[in-house]
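# Fold and geometry: a report
The lines below spell out each chain.
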Amino acid sequence: YPKACIEFAGDLGQQVQKSLALRNPTRGTLAYSRTLSGDPNFKVSGASICIEPGSSTECELSFTSRFTRPARGRLELKSSKDDGLQRSILVFDLESKVLSRKPQETITAKTNLYAPQSITVTVTNPFERDCTFVVALEQPEAQEIVIPQRGRKQAPPPLVVRFPDSFSLQHSPKGKKGPNGAMLVSVAAGTSAD
């Protein structure tokens, strides 16, 4: 059974590092071999480690999030003494948690009131293989203005006016229509598309 669950919490794309303290309470040297399974974005330094009697050391772990969904992994540390016989196995579950999504770029647009302006957004594929990206538009909920109505005897209910959304997504000839008005854009590894 896992001894503990180590959580890697950070922003999307940020590398989060953790140190796992290991102690050798025995009279002989302990050698740990490390096995890492699960999501390939979990990394551990080195394949093995030796701890002298009565001393301690740290096992360095890191994770870089590529997606907002949680990623899971497992670290197994198998210990053996000088005689080569296996003594124990320490198991740790690894789990990621994305706290926020920082923008890759901020695009500023200036225009006159009610004058539409088009902006081309370039999608860059940072991964080592071809990918299809879902391009969706998120914006704050439109503001509403409540205008009270006047009447002689009984005032009618107030008029609620809702501002239209400031931004809209126009599909590129290179993209395909996706769910909920989103656009699907296929980008080869290490390249960009508009």
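This section reports on the structure supplied with the text. Since the model is a prediction, treat every value here as computed from it, not as a measurement. (Residues numbered from 1 in each chain as written. Predicted model: local features only at pLDDT ≥ 70, side-chain atom pairs only at ≥ 80, totals over all residues. Heavy atoms only, no water.)

Mapped onto the secondary structure, Phe92 falls in strand E8 (residues 86-98). Note: C-alpha distance between Phe92 and Pro2 (90 residues apart in sequence) is 5.0 Å. If we ignore the near neighbours within four places in the chain, the residues touching Phe92 are Lys3, Ala4, Ile6, Leu20, Gly73, Arg74, Leu75 and Leu77. (Helix = DSSP H or I, 4+ residues; strand = E, 2+ residues; numbered from the N terminus. Contact = heavy atoms within 4.5 Å.)

The subject of this paragraph is empty space enclosed by the protein. Enumeration according to the criterion identifies 1 cavity of 30 Å³ or more in this entry. Here the largest cavity defines a volume of roughly 40 Å³. Lining the largest cavity are Phe8, Gly10, Asp11, Gln14, Val16, Phe63, Ser65, Lys97 and Val98. Contributions of two or more residues to the lining of the largest cavity are made by strand E1 (4-10) and E8. Looking at the lining of the largest cavity, its residues break down into 4 nonpolar, 3 polar and 2 charged. (1 Å grid on protein atoms, 1.4 Å probe; cavity = no way out; pocket = protein on both sides within 12 Å on 5 of 7 lines; lining within 4 Å. Points joined across faces, edges and corners; volume = space filled by probe spheres on them. Nonpolar A, V, L, I, M, F, W, Y, C, P; charged D, E, K, R; others polar.)

Here we have 3 strands laid out as an open sheet, ordered E10-E14-E13, and antiparallel in their pairing. The open sheet is flanked by strand E10 (131-135) and strand E13 (176-177), the only strands paired with a single partner. Both E10 and strand E14 (residues 183-187) contribute to a ladder of 5 bridges, which runs antiparallel. Of the residues in E14, the one forming a bridge with Cys131 is Val187. (Pairing = 2+ DSSP bridges.)

Here strand E2 (residues 15-23) runs beside strand E6 (residues 56-64); their pairing, made up of 9 bridges, is antiparallel. In the sheet register, Gln17 faces E6, and the bridge partner there is Ser62. Judged from the 3 bridges that link them, strand E4 (residues 42-44) and E6 form a sheet pairing that is antiparallel. Each bridged residue has a counterpart across the sheet, and for Phe42 the counterpart in E6 is Phe63.

Taken as a whole, this structure holds 2 salt bridges when the rule is applied. Where Glu95 meets Arg72, a salt bridge forms, and the shortest distance between an N and an O atom there is 3.9 Å. Of the two residues, Glu95 is situated in strand E8 and Arg72 in strand E7 (residues 72-80); the sequence distance between them amounts to 23 residues. Between Asp93 and Arg74 there is a salt bridge, with the nearest N and O atoms lying 2.9 Å from each other. With Asp93 in strand E8 and Arg74 in strand E7, this pair connects stretches of sequence that are 19 residues apart. Assessed through its relative accessible area of 22%, Asp93 is described here as partly exposed. Arg74 sits in the partly exposed class, given a relative accessible area of 33%. (Salt bridge = Lys/Arg side-chain N within 4 Å of Asp/Glu carboxyl O. Buried < 20%, exposed > 50% of the residue type's maximum accessible area, 1.4 Å probe, protein only.)

Purely geometric numbers; function is a separate question.
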